[in-house]
Each structure stands twice: as structure tokens, then as C-alpha cells.
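# Inside the fold
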Amino acid sequence: GQRIASIESRCVIEATSVDLSSATTYYALPSDFLSIHAAYLGTDREKLDEITPEALDSNITWQSATGRPTNYFVRWSSRATVGVYPYPILNSSTATLYLDVYVQSTDLSSNTDQPWDNIVELRPYHHGILATWAAYRMSAIDGRPDLAIFYRGEFLASLERMKRECKLRPSYRPGIKARGP
């Protein structure tokens, strides 16, 4: 249940970074990587736009283009690397690539493991989602399709709530500034 909820909700985001190297296009992603939420370049955090490998392939010279990267892409066949385009060639075009990535929660394999990597904001979903998933699976195993359908519906409803609520930022108030003394 947690694996499905992590994949579907995209609630677990991790910040990571890699130092770009001259004449290098591909860089390793975390092993629990699902997808990239945002990519930024350098200390000024210049946002990079995502580009598809298909769009790159429409330009036969893309693999030889050099300069300061403006785009990033993920080769879905490998899913373990992110590429930058154009690739950096000189020290003046190298920088740090900052990534906000959606990641898979660590599997629950021992009785001390915490759901969703023990992220405080996701604690309300521990019992609702995981318990209804377990009830759904056990009802199906026990040959109770009516009950399995009920618990599956409860699981999906809880998952939708989680997806919606984990994207909210209740304390985010753009433009509000504290008054001075």
C-alpha cells in the first residue's frame, strides 16, 4: 500500500544536487527516484526547463551542442540518470545542478520502520491508507469480493485526500510581510 501511495501521490520530495563536469551530459539520480519536480542551475538557482529526449532527437546535432545548460531530461529507459542540454564544456559553464525529486518511500521491512520515511506531515495517513490497503488485500484473499471492493474504495478515497492535501501549503502567504517596530 505504501509503495502505491508513494508512486500515486508524489508527496515525498527530496532535494539533491550534483556538480556538473565539463563534457559530461548524464548524472546519477537517487536510487529511490520517481520523477523530477524542478531543476535549478548554479547559486542563482536559474530554473531549467524539461525537454523530452524525442524533442532532442529531432535535432541531429544536439549531442554535440555545448554551453551553459538550459534544459534537463530523463532517459526513461535507464531512469537512473538525468541529462543536461547543452552539455557543459568549459569551467565557465559548469555549475551545481539542484534537483527537487519525487522519491519512493523506504519499504517497511522491520517493525521499527516508519511509513513515509517518518515525515511528520504524512503521519495522519499512516493508519487510514495502510490499514484500508491491508483490509482490501485480506478481504480479497479471504474470498470476500464485496468487502474487498469496499476497502479498495476507502483506500482510493484516502489516497486522493493525501494527494490533494500534501500539495497544500497552509502557512504559505506570498506577499505578506511582518511589520517592523
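Structure's up top.
Starting afresh in each chain, residues are numbered from 1 along the sequence in its written order. Residue-level local features of this predicted model are given only where pLDDT is at least 70; pairs of side-chain atoms are given and counted only at 80 or more, and the full residue set underlies all totals for whole chains, interfaces and linings. Just so you know, side-chain values use all the structure's heavy atoms and leave hydrogens and water out.

Turning our eyes to something else, we now look at the pattern of salt bridges. Note on definitions: salt bridges are taken to be side-chain nitrogens of Lys or Arg within 4 Å of carboxyl oxygens of Asp or Glu. This model, assessed by the stated rule, comprises six salt bridges. When the shortest N-O distance is used, the salt bridge between Lys163 and Glu160 registers 3.1 Å. With Lys163 and Glu160 both in helix α4 (residues 145–166) and three residues apart, this pair spans about one turn of that helix. In this structure, the salt-bridge partner of Glu165 is Arg161, at a minimum N-O distance of 3.0 Å. Taken together, the residues Glu165 and Arg161, both in helix α4 and four residues apart, mark about one turn of the helix. Accessibility here uses a 1.4 Å probe with only protein chains present; expressed as a share of the type maximum, an area under 20% marks a residue as buried, one over 50% as exposed, and anything in between as partly exposed. For Glu165, a relative accessible area of 28% translates into the label partly exposed. Strands are runs of DSSP state E lasting at least two residues, helices are runs of H or I lasting at least four, and both sets are numbered from the N terminus onward.

The subject of this paragraph is the sheet that holds strand β5 (residues 49–50). Each strand in a sheet pairs with another by means of backbone hydrogen bonds, the pair being arranged parallel or else antiparallel. Any two strands with at least two DSSP-identified bridges between them are counted as paired. The sheet built from four strands is open, its strands ordered β2-β7-β6-β5 with mixed pairing. Every other strand in the sheet has two partners, leaving β2 (26–28) and β5 as the edge strands with one partner each. Where strand β6 (residues 71–74) lies against strand β7 (residues 81–85), four bridges are found, and the strand directions are antiparallel. When the bridges of β7 are listed, Val74 appears paired with Val82.

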